[in-house]
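So you can see what is in the structure, the chains are spelled out below.
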Amino acid sequence: ITLPYPYRKSKYQFRFDFIGTSFKNPRGVTYQYQLIKNDDYESAQWIDLGSSGYREFDFLPDGQYELRVTAVNADGVRSKTNLSLTLNIEPPLRKQSWFYLLMASLFAYLIYMLIKYREQRLREAKRVLESEVANQTVLLRHQKTEIERKNQDITDSINYAKRIQSSILPPIGNLNEWFSDSFVFFAPRDIVSGDFYWFNHKEGKFYICCVDCT
């Protein structure tokens, strides 16, 4: 007997009836049975039923069963052959091989989709990062250009200040005219100096100044 797996709440209930004959003492016949699951003959044991000629099972899980019944007469002689019935209850979908294969395929597909999703996210993040880097690069170029322009303006202003400063510094020849061995040591740290010198001769007096205008 082959039965499908019971997916509903109601489960299979089994009753097996059997009878052994004895012309000498019909009422003295007793019975024993074995229920062997999935060919596990070693753990199966003979169970006495007494004179009850039936066996009921409220529930049997999925699997392959073999029910063996033997009769013993009043003199203790067993029947030469056992009554045997094979019962197969098919497993549920979750226990079938194709279901495992389907679940493995679905799991592999989910892993694949997860990997593709992560790759897509990484590509999107890379694209956003590259766009941000490009925008920052353009911004830095504009800032660099602006800084260079301002530096050039400052440099031009300093050079103009140097020309103004140079125009007010007296010629070294005027000093050499009165002091032949004289010299001027003037070394600005930058283009234009915050200090300057000045000298002049007037009415027999010589005026020399070294000025800190910081």
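Here's a quick rundown of the structure. (Residues numbered from 1 in each chain as written. Predicted model: local features only at pLDDT ≥ 70, side-chain atom pairs only at ≥ 80, totals over all residues. Heavy atoms only, no water.)

1. Describing the overall build of the chain
Secondary structure assignment for the chain yields two helices and nine strands. In the chain, the succession of α and β elements from N to C terminus is β-β-β-β-β-β-β-α-α-β-β. Against the globule reference of 17 Å for 214 residues, the chain gives a C-alpha radius of gyration of 57 Å, more extended than a compact globule. Considering the chain as a whole, with its 214 residues, one finds that 17% of them fall into the buried category. Considering only intrachain contacts with a sequence separation of at least 6, the fraction spanning at least 24 residues in the chain is 58%. With the model as given, the accessible surface of the chain reaches about 17200 Å², and the carbon-plus-sulfur share is 56%. In the chain, which carries 28 positive and 25 negative side-chain charges, the distance between the mean positions of the two groups comes to 10 Å. (Helix = DSSP H or I, 4+ residues; strand = E, 2+ residues; numbered from the N terminus. Rg over C-alpha atoms; globule rule 2.2 N^0.38 Å. Buried < 20%, exposed > 50% of the residue type's maximum accessible area, 1.4 Å probe, protein only. Contact = heavy atoms within 4.5 Å. Areas by Shrake-Rupley, 256 points an atom, 1.4 Å probe, with all protein chains shown as cover. Lys, Arg positive; Asp, Glu negative; His and termini not counted. Charge placed at Lys NZ, Arg CZ, Asp CG, Glu CD.)

2. Some words on the nonpolar core
By size, the foremost hydrophobic cluster in this structure holds 15 residues, and its most contacted members are Phe14, Phe16, Phe57, Leu60, Leu67, Leu87 and Ile89. Secondary-structure elements contributing two or more residues to this core are strand 2 (14–17), strand 3 (30–37), strand 6 (63–72) and strand 7 (83–89). Per-element tally for this core: the top contributor is strand 6, with four residues. Apart from residues no more than four positions distant in its own chain, phenylalanine 14 is found in contact with Leu3, Arg55, Glu56, Phe57, Leu60, Leu87 and Ile89. (Core = buried A, V, L, I, M, F, W, Y, C linked by side-chain atoms within 4.5 Å.)

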